[in-house]
Amino acid sequence: MRLNNEEQAMLNGEMGEPRRWAMDHMIRVGRFFDAENFVPVAQAHIMADTESLGEAGVKFLEQIAACPQDQRRVRIPMITDPRGIDFCHYKRLKQTDLMASLEQRTIDAFEAMGILMTNTCINYQTIMPPVRGEHLAFGDTGVVIYCNSVLGAYSNFEGGPSALAAGLTGRTPRYALHLDQNRKATKRYRITHQPKSLSDWGALGGIVGTRAGSYWEVPVIEGIESQPGSDEMKHMGAAMASYGSIPLFHIVGVTPEAHTLEAVSRPGLLETDTISKQDFDSFFARYGGKGDKVDVVVFSAPQLSIIEMQSIADLLDGKKIHKDTSLLAVTSPVVAADARRMGITERIESSGAIVLEGMCFYQSYAREMGEANGWKRLMSNSAKLVNIIGGYGYQPTLSNMEDCVASAIAGKIVL
Amino acid sequence: MKSFELHCHVGVGPSVTGEALVADDNFSARYDLDRIKGIFSRPQHKLFGQSYVDKILVFNTAKGGVASAWMLHEMVSRKLAPRAILFNNVNPILAQGGALADMALCDRFAEGDVTQLIQTGDRVSVNPELGLVTVERD
């Protein structure tokens, strides 16, 4: 890779060990993907839940945090993805003090580096939405696909180490989605059934993600008759990234790079793959469980917007959750503060449900929580969550928000 | 015994040798593994129930989220990790994870579909620096 004088100085260790490590790490990755040079980035966003980090990862961060201040501080605004612990609720969730201790050590390390503890995967709704054409180093695949597709920003999936390296240096290797030639559509889909609920949009993302199936494919979707909003795009993108590792999609007439099909694809070049009602039905049928006892209903992944929080409160008003079922509504610290101020949290929690903030269910020791609480059958309106959670020992059911709330009240899966 | 070479893109991590565990499937450390037991735990995964420890894993591509970038490092620290992972095409997350964990990881094979070229039980040597994989089969 070609380095400028500043990059070479960082690689030589002239600006401290953390930046030397960061450059070395990014050169390894850049070489893997044939990056010719680096691109400056405006923001970085780091995913680093302690279940993923483990003791080894926390020690790695603490080593950087122990360096002199002029060496350890990030050089660009850097924010965090959801954490694994909500300190107000971790005992109720039967998470352990060891988990909380690891969490606090990680927070201390991040704060020593000057990282802003935003603890959110909906920063594009709540913190500072990127501007079209901005180059970024964002973690959380849902964040990346939304910012690339809906906002026209430029980011690859940056795992925690690479996001940290970008924060420490203010740059990232220029490969994949930082290059315009890699943003053109490679797969073309036409829908003949219109998504309505957020879980329908998630299902569409899951179907497209499964069919496209690789980071290096860019789907373009036609046939959508309604105008999707931010939460619809959020659920669709998160699921597409989850099922297919897809970092960018286009919707003709909706997303900024695809005002026409021709803008993202040469006409006639791509065969059209149809997505029908039967495909949606088959997708939902993978997650059955009708009539089964439901142990936990989870609204999470991505964190809830204030609109979703209000919708849940509306459905729960005057109702009580079944005594053998838990309902968790997970949101960002910003939305949680608003929800408290507006009385939405009280309305949700009056039913027996729990509002959690700054965390995400699957990033919170989901296996250990499930075993400790006896949770097996999980229901959610998040296609992303039901895709992930099977590996943690849960039996997931996917349906819309109304069915999820009705099931939590009934104590069994209502579809 | 049959022996042949496969040529891939330059990868990350050290040269290693081990026994192949192959699936025409995709991979995420978060979605697919019980990292405490060292086995594939996702019921839908083609390697469900099998141990990945010290194996040369061979998959089609990576899937899902960013967590694998930390998880490979964590798995290596507890010595409950694969020795290498080979893909047809990998996403940035696994490459970044391999770089941090110093785990051998390669993709883009000139000879074709690596999940068909290598079989479970093959003895495989991976040289990421040269982009060279040597396969020995009884």
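What you are looking at is a predicted structure, and each value in this text was computed from that prediction instead of being measured. (Residues numbered from 1 in each chain as written. Chains lettered and ligands numbered in written order. Predicted model: local features only at pLDDT ≥ 70, side-chain atom pairs only at ≥ 80, totals over all residues.)

Novice: Break down the overall build of chain A for me, with residues and values.
Specialist: Helix and strand counts for chain A stand at 18 helices and 14 strands. In summary, chain A has a C-alpha radius of gyration of 21 Å against a globular reference of 22 Å for 415 residues, a match within 12%. With respect to the principal axes defined by its C-alpha atoms, chain A has extents near 65 × 60 × 35 Å. Counting over 415 residues, chain A shows a buried share of 56%. Long-range contacts, defined here as pairs at least 24 residues apart, represent 78% of the contacts in chain A between residues at least 6 apart. (Helix = DSSP H or I, 4+ residues; strand = E, 2+ residues; numbered from the N terminus. Rg over C-alpha atoms; globule rule 2.2 N^0.38 Å. Buried ≥ 20, exposed ≤ 12 C-beta atoms within 10 Å, placed from the backbone. Contact = placed C-beta atoms within 7 Å.)

Novice: Describe the overall build of chain B, listing the residues and the values that go with them.
Specialist: Within chain B, the secondary structure is distributed over four helices and nine strands. Per-residue burial over chain B gives 57% buried out of 138 residues.

Novice: I'd like to hear about the sheet that holds strand β7 (residues 219-222) of chain A, residue by residue, with values.
Specialist: All names here are of chain A. Strand order in this open sheet of four strands is β8-β7-β6-β9, and the pairing throughout is parallel. Across the chains shown, the open sheet's two edge strands, defined by having one partner strand only, are β8 (250-251) and β9 (272-275). One ladder, built from four bridges, connects strand β6 (residues 187-191) with β7; its direction is parallel. Across the sheet, the residue bridging to Tyr 189 is Ile 221, located in β7. (Pairing = 2+ DSSP bridges.)

Novice: Tell me about the sheet that holds strand β6 (residues 84-89) of chain B, residues and numbers included.
Specialist: Residues and elements named next belong to chain B. Spatial ordering of the open sheet is given by β1-β9-β8-β2-β5-β6-β7, a layout of seven strands whose pairing is mixed. Single-partner strands in this sheet number two, and they are β1 (2-7) and β7 (104-106). Each strand of the sheet is rotated relative to its neighbour by a mean of 30 degrees, with strand direction disregarded. Pairing geometry for β6 and β7, over three bridges, is parallel. (Axes fitted to C-alpha atoms, helices over the stretch in contact; angles between N-to-C directions.)

Novice: Summarise the environment of Arg31(A); cite the residues concerned and give the values.
Specialist: In this structure, Arg31(A) sits in helix α2 (residues 17-32). The spatial distance from the C-alpha of Arg31(A) to the C-alpha of Tyr175(A) is 9.7 Å, given a sequence separation of 144 residues. Filtering out sequence-adjacent residues up to four positions away, Arg31(A) remains in contact with Met1(A) and Val10(B).

Novice: Which residues make up the pairing of β7(A), and what are the values?
Specialist: Residues and elements named next belong to chain A. In this fold, the crossover linking β6 to β7 by way of helix α9 (residues 198-212) has right-handed handedness. The pairing of β7 with β8 spans two bridges and is classified as parallel. Its bridge partner being in β8, Val 220 is matched across the sheet by His 250. A crossover connection joins β7 to the parallel β8 through helix α10 (residues 230-244); in handedness this β-α-β unit is right-handed. (Right-handed = clockwise from strand over helix to strand, strands pointing away.)

Novice: Which residues make up the environment of His9(B), and what values go with them?
Specialist: Residue and element names in this part refer to chain B. Secondary-structure assignment places His 9 in the loop between β1 and β2 (16-22). It is 6.6 Å that separates the C-alpha atoms of His 9 and Cys 106, two residues lying 97 residues apart in sequence. Once residues within four sequence positions are removed from consideration, His 9 is found in contact with Cys 106, Asp 107, Arg 108 and Gly 131.

Novice: Now, about the environment of Phe4(B): what can you tell me, with residues and values included?
Specialist: All names here are of chain B. Along the chain, the position of Phe 4 falls in strand β1. Taking the number of C-beta atoms within 10 Å as the measure of exposure, Phe 4 has 13 and is therefore partly exposed. Residues Phe 4 and Thr 120, 116 residues apart in the sequence, show an inter-C-alpha distance of 15 Å.

Novice: How would you summarise the packing of helix α13 (residues 306-316) of chain A against helix α18 (residues 401-410) of chain A if you had to cite specific residues and measurements?
Specialist: Residues and elements named next belong to chain A. At their nearest, the axes of α13 and α18 sit 10 Å apart, and the two run at 45 degrees to each other. Relative to α18, α13 is oriented oblique. Where α13 crosses over α18, the handedness of that crossing is right-handed. Between α13, through Ser 311, Ile 312, Leu 315 and Leu 316, and α18, the contact on the second element is made entirely by Met 401, Glu 402 and Val 405. Grouping the amino acids of the contact of α13 with α18 by side-chain chemistry returns five nonpolar, one polar and one charged. (Parallel < 35°, antiparallel > 145°, perpendicular 65-115°, else oblique. Left-handed = near helix turned anticlockwise from the far one by under 90°. Nonpolar A, V, L, I, M, F, W, Y, C, P; charged D, E, K, R; others polar.)

Novice: Please set out the packing of helix α3 (residues 50-65) of chain A against helix α5 (residues 97-112) of chain A residue by residue, giving values where relevant.
Specialist: Residues and elements named next belong to chain A. The N-to-C vectors of α3 and α5 enclose an angle of 35 degrees; their axes lie 9 Å apart at closest approach. For α3 against α5, the interelement crossing comes out left-handed. The segment α3 lies against α5, with Thr 50, Leu 53, Val 58, Leu 61, Glu 62 and Ala 65 engaging Met 99, Leu 102, Glu 103, Arg 105, Thr 106, Ala 109 and Ala 112. For the contact of α3 with α5, the residue count by class is eight nonpolar, two polar and three charged.

Novice: Account for unusual backbone geometry, with residues named and values stated.
Specialist: Residue and element names in this part refer to chain A. Look at the link from Ala 301 to Pro 302: it is a cis peptide, with omega at 0 degrees. Within the secondary structure, Pro 302 is located in strand β10 (residues 296-304). Despite not being glycine, Lys 94 shows a phi value in the positive range, around 65 degrees. With respect to the secondary-structure elements, Lys 94 resides in the loop between β3 (78-80) and α5. Here Asp 140, not a glycine, exhibits a phi torsion of approximately 65 degrees, which is positive. Following the sequence through the fold, Asp 140 ends up in the loop between β4 (137-138) and α7 (141-149).

Novice: Which residues make up the pairing of β10(A), and what values do they have?
Specialist: All names here are of chain A. Judged by how many residues are buried, β10 sits mostly within the fold: nine of nine residues are covered. For β10 and strand β11 (residues 326-331), the ladder comprises five bridges, and the chain directions are parallel. Its bridge partner lying in β11, Val 296 is registered against Ser 326. Pairing between β10 and strand β13 (residues 377-380): two bridges, direction parallel. Each residue of the ladder has a partner; that of Val 296, found in β13, is Leu 378.

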